[in-house]
Amino acid sequence: ADFCRMWRVMYTGEYYAKMALETSPMWDKLEQDLGEKLIDKSGLLNFGIDTPDTPEGTMEDAKKVMQKLKIPFTQLTSAQLMQQYPFKNLPSEYYGLYQANGGTINVQGVLRGYYKLAATAGATMRSGEWVTGISPSPTYVDVETVKSTYRASKVIVCAGAYLNDLLAPYGVKVNLQIWEMTFAYYQVLDPSVTYPMWFQFDDTPASGGSSLFYGFPSVPWARPGYLRLAVDYAAHVSDSPIDRTNVPAVQDIHLTMDNIQRHMVGVSTQPTQMGTCLVPLVPDNGYVLDFAPPSVPNRDNVVIATAGWAFKFAPMFGKLLYELAIDGKASRDITPMAITRPGVVVDLYPGEAKTASTA
Ligand code: BEZ
């Protein structure tokens, strides 16, 4: 959503850290092809305590993965954190892990760049054309939209939170918990302070919500002089994007304001430019990148990507989706992202035969 997304190789899961290491040169190549910097590499600082598992994993598991894969990082004590970064009143048990390859992705720059490359390669872009159905036959797929019907030999569906309407005729859905995440920008009041991109890990407060926070640095393409700061949580969760309110959650803003007051130096506690964005999550917090669910006839003509904070893997996922569609198999292991892994696909009408017709 918005202007900023994270790029990082610091992951709790070894599979994702390895995939990030493979994706890193792909971002470099995209920057070279476009002649433009797309990632501001201020590094990623994880700090706090070693919590139970969170949507961003844990501090210690990420450390173990970095040690195993020989990813360079620096460990800091609570005192060093406050010396080197503009944080204050950090508990003495806090520690930090700084990994220099992390950075803020210029979302609009990447989208513009991909549109440009796609147009140069002969692709036609149609926007504002709601897709109402996909019907795969053995040799082609019909894509029905509010304006027209298109026939293609293969279809790649990257509908994110909006995927399930397309699967409903096949009696299934992907088990998406859709978080409506609230974010806001906060003015940097002291121009001498510089923040990296960061995650703060702490125990869930007794009053509820979360103490997992994140922050982006001030970057030239996203409200310079302001930081995007938020709690990595959503008070508003639903299983359908139709429930989106577009209203920032007061509870989430208050958690963030309180954390700024307690721990950040040189930053206003007053939110501005608030917004919400949808992130669809599957139960294991991973991604889905695979053919359509098994109940979809001729499923290997339809390739799907959904779930998770996946923008950082855009160059890798683009390649894998292309390979599945064109070669029928991916050039790297994608089993952890399988749509057939337990808990991902839900039968809408258990016990009933599927009735969807094919084109
Ligand atoms: C991300 O871009 O991956 C991200 C950003 C904010 C919160 C969580 C994840």
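Residue numbering note: each chain is counted from 1, following its sequence as written. This being a predicted model, a pLDDT of at least 70 is required before a residue's local features are given, and a value of 80 or more before pairs of side-chain atoms are given or counted; all residues contribute to the totals for chains, interfaces and linings. Here the side-chain values reflect all heavy atoms present in the structure, with hydrogen atoms and water set aside.

A. Molecular detail of the overall build of the chain. By definition, any uninterrupted DSSP run of H or I lasting at least four residues is a helix, any uninterrupted run of E lasting at least two residues is a strand, and each is numbered from the N terminus. Secondary structure assignment for the chain yields seven helices and 20 strands. Based on the C-alpha atoms only, the size of the chain along its principal axes is roughly 65 × 45 × 40 Å. Accessible area is worked out with a 1.4 Å probe on protein chains only. A residue is then buried under 20% of its type maximum, exposed over 50%, and partly exposed in between. A buried classification covers 50% of the 359 residues belonging to the chain. Any two residues having at least one pair of non-hydrogen atoms within 4.5 Å are treated as being in contact. For the chain, long-range pairs separated by at least 24 residues make up 72% of all intrachain contacts whose partners lie at least 6 apart in sequence. Within this scheme the basic residues Lys and Arg register as positive and the acidic residues Asp and Glu register as negative, but His and the chain ends are omitted. Note on charges: their place is set at NZ of Lys, CZ of Arg, CG of Asp or CD of Glu. Computed over 29 positive and 35 negative side-chain charges, the inter-centroid distance for the chain is 6 Å.

B. Inspection of the site of the ligand at higher detail. The cutoff for a nearby residue is simple: one of its non-hydrogen atoms must lie within 4 Å of the molecule or strand. Taken together, the residues surrounding the ligand are R5, M6, E56, Y214, D232, W309 and K312. One of the side-chain N or O atoms of R5 is found 2.6 Å from an oxygen atom in the ligand. Taking K312, its side chain carries an N or O atom lying 2.6 Å from an oxygen atom of the ligand. Across the complex, the protein chains shield 98% of the 260 Å² of accessible surface that the ligand would expose by itself. Residue classes follow a fixed rule: Ala, Val, Leu, Ile, Met, Phe, Trp, Tyr, Cys and Pro count as nonpolar, while Asp, Glu, Lys and Arg count as charged, and any other residue, Gly among them, counts as polar. Its residues assigned to classes, the shell around the ligand shows three nonpolar, no polar and four charged. Identification of polar contacts relies on pairs of N or O atoms within 3.5 Å, with a donor-acceptor requirement for protein atoms, meaning one able to donate a hydrogen and the other able to accept it, and with residues adjacent in sequence counted only if both atoms are side-chain atoms. Residue burial considers only the protein chains on display, and all accessible areas are found by Shrake-Rupley using a 1.4 Å probe.

C. Representation of the environment of Q187. Here Q187 is to be found in strand β12 (residues 177–187). On a C-alpha basis, the gap between Q187 and Y150 in space is 47 Å, while along the polypeptide they are 37 residues apart. Each residue touching Q187, except ones within four places of it in the same chain, is listed here: G225, Y226, G266, V267 and S268.

D. Up close: the packing of helix α1 (residues 14–34) against helix α4 (residues 107–120). Geometry is summarised by axes, namely lines fitted to C-alpha atoms with helices restricted to the contacting stretch, and by angles between N-to-C directions that run from 0 to 180 degrees. Remark: α1 packs on α4, axes separated minimally by 11 Å, with the N-to-C direction vectors making an angle of 65 degrees. As far as their axial angle goes, α4 and α1 are roughly perpendicular. Relative to α4, the crossing made by α1 is left-handed. Contacts between α1 and α4 involve W27, L30 and L34 on the former and, on the latter, V110, G113, Y114, K116 and L117. When the residues that make up the contact of α1 with α4 are grouped by side-chain class, the tally is six nonpolar, one polar and one charged. Roughly parallel means an angle under 35 degrees; roughly antiparallel means over 145; roughly perpendicular covers 65 to 115; every other angle is labelled oblique. Put simply, a crossing is left-handed when the front helix is turned counterclockwise from the back one by less than a right angle, and right-handed when it is turned clockwise.

E. Expanded view of the pairing of strand β17 (residues 272–281). Counting buried residues along β17, seven of its 10 residues qualify, which places the element largely inside the surrounding structure. Two strands qualify as a pair provided that DSSP identifies no fewer than 2 bridges between them. In the sheet, β12 pairs with β17 via eight bridges, with the strands oriented antiparallel. Paired with M181 across the bridge in β17 is C277.

F. Looking closely at the sheet that holds strand β2 (residues 39–40). The strand order β1-β6-β2 describes an open sheet built from three strands, whose pairing is antiparallel. The outermost strands of the open sheet, each flanked by one partner alone, are β1 (4–7) and β2. Looking at chain direction, β2 and strand β6 (residues 103–106) are connected through two bridges and run antiparallel. Directly across from I39, in β6, lies its bridge partner I105. Where α1 meets the sheet, its contacts fall on β1, β2 and β6, and the angle it forms with β1 comes to roughly 130 degrees. Where α4 meets the sheet, it contacts β1 and β6, and its direction lies at approximately 45 degrees from that of β6.

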